[in-house]
Amino acid sequence: MTATDVFHRLAAQYAMGLPFVAYKKPREKEVQVIFQNDTQVHEVQTFMESGFVFAPFNKEKSILIPGKPLKADFYFTEEKSDFELKLPISDEKRQKHIHLVEKAIGEIKRKNLIKVVLSRQQNISTEKDPLLLFKTLANVYPDAFTYIFYHPSIGVWLGATPETLLRVNGLRFQTMALAGTQVFEDSVDVQWGKKELEEQQLVTDEIVKSLKKFEVKNLNVKDRETVRAGNVLHLRSVITGVMHAKGQQLGRIISALHPTPAVCGLPREAARSFIAKEEGYDRAFYTGFLGELNLQEENSRASHRRNTENLAYKSIKKSTDLYVNLRCMQYDTKEVTLFMGGGVTRDSIPEREWEETVAKAQTMLRVL
């Protein structure tokens, strides 16, 4: 199936109100799609299901589009622009977010919280249809996981996320601790402040602590590095290990990781309670997770049996590839809702936290 065929079918599927997902993994040259031929809502119950999962921030129902993806080449054209679309901001919105950050800092100083991730949403009009937005996302952000997800029960979501929640191949897994933000200015060779370094270390320590509760082997935290995500930079530590057993353990590890301190806070339940009470809106699938769940992979290897030459045999492994739903938007007839946030700690400066949300909005504004 060619890319043209894929997008024609996606357009027909959307016109008929039938669910689908299309996505492109970081640095890959192909788009993958799964079509669903009815409007049934499939929910993930055990995380032993197979397909593409779309999960919300709160631990409510996770939606699954079952099946194995079709693949098609996706050709990129380099697109560079210095144009920056300005987000229309009212002083009321600015003051509201600054007040929210101040309130969070107060809770941290009273030792009710260590860190909390606060976000906001904003609507903006667009003339682009959602499939064109997805093409633009995949073109502009080749190093991110880009996607469009549609189900008539929840609508259209699109995004370009830099953060892996969990990657599993066989029994080997990889996750990451991503935190700290500064605006990208021509180089990733930058200095980080105490606030960002401490915030990223908190996230790393909490993820390692959560994983140690399970029978995982060879747990390893790689050196911290600076990575680019659109027009911002983050600090990242990659964490790897080996699971003792597959199946039910996958669901338990996902539950232990999500929501990560990078999108919720610490302690997790106290941070989640503060968000629910004070943030003022339902995040829905923003800061949830999404991706491939238990897809079968065939690996051909040469057999070493005696008297057999060049005979290949296949081993089948299940792979899971999940991402945190950052830098995303919800689409609704010529209008999108943007979501952006940042981690608040004791050393946070409310005005800078506001400016961070404005900088992060540029990831989605570039494609509108």
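What comes next concerns the included structure. Residue numbers here run from 1 along each chain, matching the order of that chain's written sequence. In view of the model being predicted, local features appear only for residues whose pLDDT reaches at least 70, and side-chain atom pairs are presented and counted only at 80 or more, with totals across whole chains, interfaces and linings using the full set of residues. Heavy atoms from the whole structure form the basis of all side-chain values; hydrogens and water molecules are not counted.

Looking at the state of the cysteines
- Only a pair of cysteine sulfur atoms within 2.5 Å counts as a disulfide in this structure description. For the coordinates displayed, the defined rule picks out zero disulfides.
- Cysteine cysteine 264 remains unbridged, with the sulfur of cysteine 328 as its closest cysteine sulfur at 16 Å.
- The buried category is assigned to cysteine 328, whose relative accessible area is 0%. When accessible area is computed with a 1.4 Å probe and restricted to protein chains, residues below 20% of their type maximum are described as buried, those above 50% as exposed, and intermediate ones as partly exposed.

Concerning helix H3 (residues 130-140)
- Runs of H or I in DSSP of at least four residues are treated as helices and runs of E of at least two as strands, each being numbered from the N terminus. Most of H3 sits out of view: nine of its 11 residues are buried.
- By the burial criterion, the buried members of H3 are Pro130, Leu131, Leu133, Phe134, Thr136, Leu137, Ala138, Asn139 and Val140.
- A 3.5 Å cut-off defines polar contacts: any pair of N or O atoms within that distance qualifies, except that in protein one atom must be a possible hydrogen donor and the other a possible acceptor, and neighbouring residues in sequence count only when both atoms are side-chain atoms. Sitting at the head of H3, aspartate 129 places a side-chain oxygen 2.9 Å from the backbone nitrogen of leucine 131.

Some words on the packing of helix H1 (residues 3-15) against H3
- For helices, the fitted line uses only the C-alpha atoms of the stretch in contact; every axis is such a line through C-alpha atoms, and the angle between N-to-C directions lies from 0 to 180 degrees. Following both chains from N to C, one finds H1 and H3 inclined at 140°, their axes separated by 10 Å at the closest point. Every residue of H3 that contacts H1 at Phe7, Leu10, Ala11 and Tyr14 is listed here: Pro130, Leu131, Phe134 and Lys135.
- For the contact of H1 with H3, a count of residues per class yields seven nonpolar, no polar and one charged. We call two residues contacting when some pair of their heavy atoms lies within 4.5 Å. Residues are grouped as follows: Ala, Val, Leu, Ile, Met, Phe, Trp, Tyr, Cys and Pro are nonpolar; Asp, Glu, Lys and Arg are charged; every other residue, Gly included, is polar.

A few points about the sheet that holds strand E19 (residues 335-344)
- The nine strands are arranged E6-E2-E1-E8-E9-E18-E19-E7-E15 in an open sheet whose pairing can be described as antiparallel. The outermost strands of the open sheet, each flanked by one partner alone, are strand E6 (70-73) and strand E15 (265-266).
- Should DSSP find at least two bridges between two strands, the strands are taken to pair. Where strand E2 (residues 30-35) lies against E6, four bridges are found, and the strand directions are antiparallel. Bridge pairing links glutamine 32 to lysine 71 in E6.
- Across the face of the sheet, helix H6 (residues 268-278) comes into contact with strand E7 (115-125) and E15 while running at roughly 35° to E7.

Structural notes on the nonpolar core
- Residues belong to one nonpolar core when they are buried, are Ala, Val, Leu, Ile, Met, Phe, Trp, Tyr or Cys, and are joined through side-chain atoms within 4.5 Å. By size, the foremost hydrophobic cluster in this structure holds 34 residues, and its most contacted members are Leu10, Ile148, Leu158, Met329 and Leu338.
- Residue contributions to this core peak at six residues, all from H3.

Some words on the pairing of E7
- Taking burial as the measure, the 11 residues of E7 include eight buried ones, the bulk of the element.
- Both E7 and E15 contribute to a ladder of two bridges, which runs antiparallel. Bridge pairing links lysine 115 to leucine 266 in E15.
- Alignment of E7 against E19, held across 10 bridges, turns out to be antiparallel. When the sheet's bridge partners are listed, serine 125 is paired in E19 with glutamate 335.

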